[in-house]
Amino acid sequence: MKRLRIGDIRPDIKQIERRAFLRQSLSLGALTMLTGCSLDNPAAPDFIDRVLKGMSHWNDRVQAAIFSPTRLAPVYPESAITKPFPFNAFYAEAQAPVVDGATYRLELAGMIADKRPWTVADLRKLPHESQVTRHICVEGWSAIGKWGGVPFHVFLERIGADKTAKYVGFKCADGYYSSIDMPTALHPQTLLALDYGDAELPRKYGYPMKLRVPTKLGFKNPKHITEIFVTNDYPGGYWEDQGYNWFSGS
Ligand SMILES: Nc1nc2c(c(=O)[nH]1)N[C@H]1C(S)=C(S)[C@@H](COP(=O)(O)O)O[C@H]1N2
Ligand SMILES: [Mo]
């Protein structure tokens with residue numbers, strides 16, 4: 001793996017400092033007020049769990065409030081691409097789903113005007129962009145890759161998605177699921193990726209399509225997407241429902 005230069009990691013350090021600042025600025029008293037948890041019975045079995053969940057939800061709101069729709073994730077030269085780019089999922093690489101591109105249809109649901117399903121060929125007729133960005137996994141690794149595909153805001157516009165809705169949710173061929181806030185969905189670098197490098201997205205990286213979100217941690221980049229839905233009802237996610245912070249900006 002390539003050695004990190006300080007210029008590469010500085011944006012990440014800024015994020016970490018910001019998180020530390022948010023954490024330090026919160027007293028236990030303030031936390032009880034924000035979370036609605038009472039401190040009078042700290043022995044309650046789920047007390048700590050409720051405090052931590054409340055803190056994470058508070059953190060979601062603060063992160064959403066300071067997220068800038070115009071602030072761009074760093075981009076890198078192609079020479080910085082990590083080779084080979086790592087595979088990761090909640091299973092081993094050999095278990096990655098096999099999706100038949102010929103019969104595949106991307107289903108649409110929720111607050112969308114035109115819910116007609118999409119074939120891979122139709123998706124490929126939409127405007128195409130590529131980007132070299134850093135993928136940061138919560139498990140402690142990061143890697144630079146190149147993804148190409150349809151700017152997600154273009155796709156959302158095209159299908160008549162209600163942009164005033166709170167969430168965009170994703171269901172995947174392997175049972176994985178996730179969701180993002182609408183401002184992130186509309187961010188200029190959020191990509192409905194059909195390609196890795198200069199070729200079709202291979203099976204391990206999410207064929208036929210994944211969402212590439214360089215402003216969020218890796219687990220908020222769903223692979224093998226089979227359904228996209230727009231909703232005001234909090235959809236959660238595979239890792240989010242197990243306690244990972246929902247907003248998880250990078
Ligand atoms: N469908 C699906 N998408 C997923 C996952 C998964 O298990 N299934 N894992 C997530 C996590 S934790 C990471 S780090 C990235 C890994 O993507 P990669 O295999 O392209 O490196 O995919 C994300 N998207
Ligand atoms: Mo990850």
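Refer to the structure above for everything that follows.
Asks: Now, about the pattern of salt bridges: what can you tell me, with residues and values included?
Replies: For the structure on display, the rule yields 10 salt bridges. Measuring nitrogen to oxygen at the nearest pair gives 3.0 Å for the salt bridge that ties K125 to D122. Looking at D122, the relative accessible area reads 30%, which means it is partly exposed. Among the salt bridges present, the one from E227 reaches K171, with a minimum N-O distance of 3.6 Å. Residue E227 is located in strand 9 (residues 225-231), and its partner K171 is located in strand 4 (residues 167-172); the two are separated by 56 residues in the primary sequence. By relative accessible area, K171 is classed as partly exposed at 40%. Residues joined in a network through salt bridges with shared partners are E78, K146 and D198.

Asks: Tell me about the sheet that holds strand 5 (residues 177-181), residues and numbers included.
Replies: Sheet architecture is open: 4 strands sit in the order 1-9-4-5, paired in mixed fashion. Two strands lie at the open edges of the sheet, namely strand 1 (107-110) and strand 5, each paired on one side alone. Strand-to-strand twist across the sheet, computed as the mean angle between neighbouring axes with direction ignored, equals 20°. Two strands pair when backbone bridges link them, and strand 4 and strand 9 are joined in this way by 6 bridges, in the antiparallel orientation. Bridge assignment links C172 to a residue of strand 9, and that residue is I225.

Asks: Outline the site of ligand 1, listing residues and values.
Replies: Neighbouring ligand 1 are 19 residues; P86, N88, D174, N221 and K223 lie closest to it. One nitrogen or oxygen atom from the main chain of N88 is found 2.9 Å from an oxygen atom belonging to ligand 1. Burial of ligand 1 by the protein amounts to 99% of the accessible area it has alone, namely 530 Å². Grouping the amino acids of the shell around ligand 1 by side-chain chemistry returns 12 nonpolar, 4 polar and 3 charged.

Asks: Any chance you could break down the environment of K83 for me, citing the residues and the numbers?
Replies: Relative to the helices and strands, K83 is located in the loop between helix 3 (47-66) and strand 1. Here K83 falls in the exposed class, since its relative accessible area comes to 68%. Considering only alpha carbons, one finds K83 and I144, 61 residues apart in sequence, at a separation of 8.7 Å.

Asks: Help me get a handle on the packing of aromatic side chains, residues and values and all.
Replies: On inspection of all chains with the given rule, the structure shows 21 aromatic pairs. When the centroid spacing of 5.4 Å and the interplanar angle of 85° are considered together, the rings of Y167 and W246 count as edge-to-face. Highlighted residues: Y167 in strand 4 and W246 in the segment after strand 9, separated in sequence by 79 residues. With relative accessibility at 14%, the residue Y167 sits in the buried group. For W246, a relative accessible area of 8% puts it in the buried group. Ring plane angle 70° and centroid distance 6.4 Å describe the contact between W246 and F247, whose orientation is recorded as edge-to-face. Per residue, the accessibility class of W246 equals that of F247, and both read buried. Site record: aromatic cluster; members linked through ring pairs are F87, F90, Y91, Y176, F219, Y238, W239 and Y244. Taking the ring centre of F229 as reference, the NZ or CZ of K171 above it sits at 5.6 Å.

About the cut-offs
Residues numbered from 1 in each chain as written. Chains lettered and ligands numbered in written order. Predicted model: local features only at pLDDT ≥ 70, side-chain atom pairs only at ≥ 80, totals over all residues. Heavy atoms only, no water. Salt bridge = Lys/Arg side-chain N within 4 Å of Asp/Glu carboxyl O. Buried < 20%, exposed > 50% of the residue type's maximum accessible area, 1.4 Å probe, protein only. Helix = DSSP H or I, 4+ residues; strand = E, 2+ residues; numbered from the N terminus. Pairing = 2+ DSSP bridges. Axes fitted to C-alpha atoms, helices over the stretch in contact; angles between N-to-C directions. Near = heavy atom within 4 Å. Polar contact = N/O pair within 3.5 Å; in protein donor to acceptor, adjacent residues only side chain to side chain. Areas by Shrake-Rupley, 256 points an atom, 1.4 Å probe, with all protein chains shown as cover. Nonpolar A, V, L, I, M, F, W, Y, C, P; charged D, E, K, R; others polar. Phe/Tyr/Trp six-rings, centres within 6.5 Å; stacked < 30°, edge-to-face > 60°. Lys NZ or Arg CZ within 6 Å of the ring centre and 35° of its normal.

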